[in-house]
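One-letter residues, chain by chain:
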Amino acid sequence: MNRRMLCLVAALALVFPVLPAAAEEPEEEIVEHVDLDEGAFEKDEAFSGEEPEDGEAEDEAEAGDPEAAPEDGEAETGEDGENSDAQTAPEAEDEAGTDFTPSYTSPYAGQDTGLNYWTLPMDITAEDEIWQVLMSPITVVDVGKGERAQVTIRSLPDKDSDGVGVVTCETQGVHVLERGDDWSLIECYSSSFHDSKILNWNTLVQGYVPTSYLKEIKPNQEMGLVIDKLTQRLYLFREGKLFTTLLVSTGIANARQPYNETRSGEFLMTSKVGTFASDNMKCALAIRFNSGDLLHEGPNLLNRDGTPNYNNNEPKLGTKASHGCIRVQRKKTPEDVNMKWIWKALKNNSRVKLLIWEDWQGRQIPIPADDTLVYYNPNKGQFYHSQEKCNSARPSVVFESFHYSELDTEPYSKLKRCEYCTPPLRRAEIEAINEQYAEGGDHDPVLTEARKSCPKPLGKK
Ligand SMILES: [Zn+2]
C-alpha cells in the first residue's frame, strides 16, 4: 500500500471511526483501529510507504563486520536505567524464590486438557513444549475487515451487553472456553489502544464474541518467536529448538499513556510495514502483529551526514521503553541474527506465531547456576559474553571462560554486559528485578492505578 492510500485509510478512519456492523447474525460492531506506534502520540507520525522487499533498501546500520567492536572501546552507554527509573520498586518483604510461575491467572485455568498458550509453563528451557505451542493452530476472530479491525468482547451473549475488552482481528489468538451455536465464551488480553472502543489496558478478560467470527489458522511451521516481558528478550525458535536470543524493549506505561503497555497473548506476524517515521526519528524493518503494535528495529535519529544514530535507544534494550511496539536488537547475536535477519526471514503475512508472556506479579527470573560459563577477552576486554565467539569482537580475539559465580570477583567485577550475545544479568540485577516482581508487591503502580477505571473482568460464573 502506498503512502497516499495509507493517508486515505487514515482519513476515512478518522471521519468514520465506526464501520457499519457486519452482516452476519448476531451483529457485532466493528471498530477500525487507528494506528499508534512508536512516538505516534507526537502526532506527526507517517509511514514512509517504503516497503523494502528484502530488507536491502533499508538503511545499512552495520558499517561492516565486526561492527564497531566494543571490545575496542566503543562508548558504552548501556545501563539498566530506564526501567528502574520508571518503576518504583515496592518496599517488598522479599520472598523471591527462583521458581517460575507457570500458571496463568484466569479463573478458567485448569480446565484445559491440551498444551496451548494458556497452559504452557513460562519456562524458556521447555523447548519441546514451546515448539509444540508455536506450531499448533491458533483461533482468531475474523470479520473480513482486515487485520487492523477490532471486535468488542461482550459481558453477555448479547450484542447490547457491556463490553469488557477488545480483540484484534486476524492476528490475535483467543482462548475458546465454551463454544456455543451463536456466541462463544473466550478470553484474551484486551488489545486496547488509545482509540479502541473499550479501554482496558492489557487486562486478561473473559467474554463473548459471535461464534461465526471464530476461525482457526495454522501458523508458519518453520519458525516461532517468544517475547518475555519479564526478561525483555526475544527467543527465536527454529526446527524445534531455541536458536538464538535477542534483547528487546516492550512498551512502558505512564500515567498519560497506560496503553503503552504491550499487549500479551499469542499472535501471528502479518504485514511487513517497513520503515515508519516520527519527526526525525525512524523505526525500520517493522512487521505488524497486533493492529498498531509492530516488531521493529530500535528507533534511530539521523546524524548530520544522514547516517542513522542509535545511541539514544539502544542502551534501553533489555528494559521496557517503547510506546507498545517491540523494539528488537540491531547488533548481531553469535548466530548472526538481528532484526534485519528476522525481516529477511519472514515473508509478508508469514503467519509466524509470536507468544508474548505477561510479566505478572509473582514471576521471577531464575538465577543462573554457579558453574554457568561466561567469557571475556583477557586482553583488556571490557565486556562479559555468553559464548566463546561473539560478533562484538574480531574473529582473531580469543575469549577465556570463567564461572558465572565469579562475575562479582576480580578481575571480572567491572566487566559490562555485552550487547550482542545476551549474557545473563548479574546476580544483583536479577535480584533487584525479582524484588519488584515479588508476590504481593506491585512492579507497575502506574498501570495498576490506570486500570482502576477499566471494565472489570467477568470472572467465572
Ligand atoms: Zn558478546
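Everything numeric in this text was worked out from a predicted model, so none of it was measured.

About the thresholds
- Residues numbered from 1 in each chain as written.
- Predicted model: local features only at pLDDT ≥ 70, side-chain atom pairs only at ≥ 80, totals over all residues.
- Helix = DSSP H or I, 4+ residues; strand = E, 2+ residues; numbered from the N terminus.
- Buried ≥ 20, exposed ≤ 12 C-beta atoms within 10 Å, placed from the backbone.
- Contact = placed C-beta atoms within 7 Å.
- Arc of directions from axis to C-beta.
- Core = buried A, V, L, I, M, F, W, Y, C linked by C-beta atoms within 7 Å.
- Pairing = 2+ DSSP bridges.
- pLDDT = per-residue confidence, 0-100.

1. Concerning the overall build of the protein
So, point 1. When its secondary structure is counted, the protein shows 6 helices and 25 strands.
So, point 2. Every one of the 461 residues in the protein was classed for burial, and the buried ones make up 46%.
So, point 3. Within the protein, contacts between residues separated by at least 24 positions form 70% of all contacts whose residues are at least 6 apart in sequence.

2. Concerning helix α5 (residues 427–436)
So, point 1. Among all positions of α5, only I433, N434 and Q436 are buried. Seen along its axis, α5 keeps its buried residues to an arc of 155 degrees; they face one direction.

3. As for the nonpolar core
So, point 1. Counting 69 residues, the largest nonpolar core has V141, I227, I287 and L354 as its most contacted members.
So, point 2. When residues of this core are assigned to their parent elements, the largest contribution, 6 residues, is made by strand β16 (residues 281–290).
So, point 3. Aside from chain neighbours lying at most four places away, what touches I287 is M269, K272, V273, L294, L295, W343 and L346.
So, point 4. Grouped together as the second largest cluster of nonpolar side chains are 14 residues, V374, Y375, Y404 and C418 included.

4. Focus: the environment of D442
So, point 1. Mapped onto the secondary structure, D442 falls in the loop between α5 and α6 (445–450).
So, point 2. A C-alpha to C-alpha distance of 9.3 Å links D442 and G362, two positions 80 residues apart in sequence.

5. Digging into unusual backbone geometry
So, point 1. Across the junction of E410 and P411, the peptide omega takes the value 5 degrees, indicating a cis bond.
So, point 2. With respect to the element layout, P411 can be found in the loop between β24 (400–403) and β25 (416–417).
So, point 3. Positive phi, normally seen in glycine, also occurs at E170, with a value near 70 degrees.
So, point 4. Here E170 shows up in the loop between β6 (163–168) and β7 (175–179).
So, point 5. In this model, T422 sits at a positive phi of 40 degrees, which is unusual for a non-glycine residue.
So, point 6. The class for T422 is buried, based on 25 C-beta atoms found within 10 Å.

6. Digging into the pairing of strand β22 (residues 373–376)
So, point 1. Strand direction decides the pairing type here: β22 and β24, joined by 4 bridges, are antiparallel. Bridge assignment links Y376 to a residue of β24, and that residue is E400.
So, point 2. Bridge analysis of β22 against strand β23 (residues 383–385) gives 2 bridges, and the strand direction is antiparallel. Bridge pairing links Y375 to H385 in β23.
So, point 3. Adjacent in sequence and paired antiparallel, β22 and β23 are bridged by 6 residues, among which K380 carries a positive phi angle near 65 degrees.

7. Notes on the environment of N254
So, point 1. Within the secondary structure, N254 sits in the loop between β13 (241–249) and β14 (265–268).
So, point 2. When the C-alpha atoms of N254 and P445 are compared, they prove to be 9.7 Å apart, with 191 residues separating the residues in sequence.
So, point 3. Discounting chain neighbours no more than four positions away, the residues touching N254 are N260 and V446.

8. Digging into the sheet that holds β25
So, point 1. A sheet is described by the order of its strands in space; here 4 strands give the open sequence β24-β22-β23-β25, paired in mixed fashion. Of all the strands in the sheet, just β24 and β25 have a single pairing partner and so form its edges.

9. Considering helix α3 (residues 127–135)
A turn of α-helix holds 3.6 residues, and therefore any two residues three or four places apart point the same way.
So, point 1. All of the buried residues in α3 are I130, V133 and L134. Looking down the long axis of α3, one finds its buried residues gathered within 100 degrees of arc, a one-sided arrangement.
So, point 2. Next to the buried residues of α3 lie β11 (223–228), β12 (233–238) and β21 (353–357).

10. A short note on the environment of V167
So, point 1. With respect to the element layout, V167 can be found in strand β6.
So, point 2. Here V167 falls in the buried class, since 30 other C-beta atoms lie within 10 Å of it.
So, point 3. Once the C-alpha coordinates of V167 and A149 are considered, the two residues, 18 residues apart in sequence, prove to be 8.6 Å apart.
So, point 4. When sequence neighbours within four positions are dropped, the list of residues in contact with V167 reads V141, Q150, V151, I153, Q172, V174, C188, S191 and V209.

11. What to know about the confidence of the model for the protein
Low-pLDDT portions of the prediction should not be read for the details of their coordinates.
So, point 1. Per-residue pLDDT for the protein has a mean of 81; in total, 76% of the residues score no lower than 70.
So, point 2. The low-confidence segment residues 1–103 (pLDDT under 50) makes 200 contacts with residues lying over four places distant or belonging to another chain.

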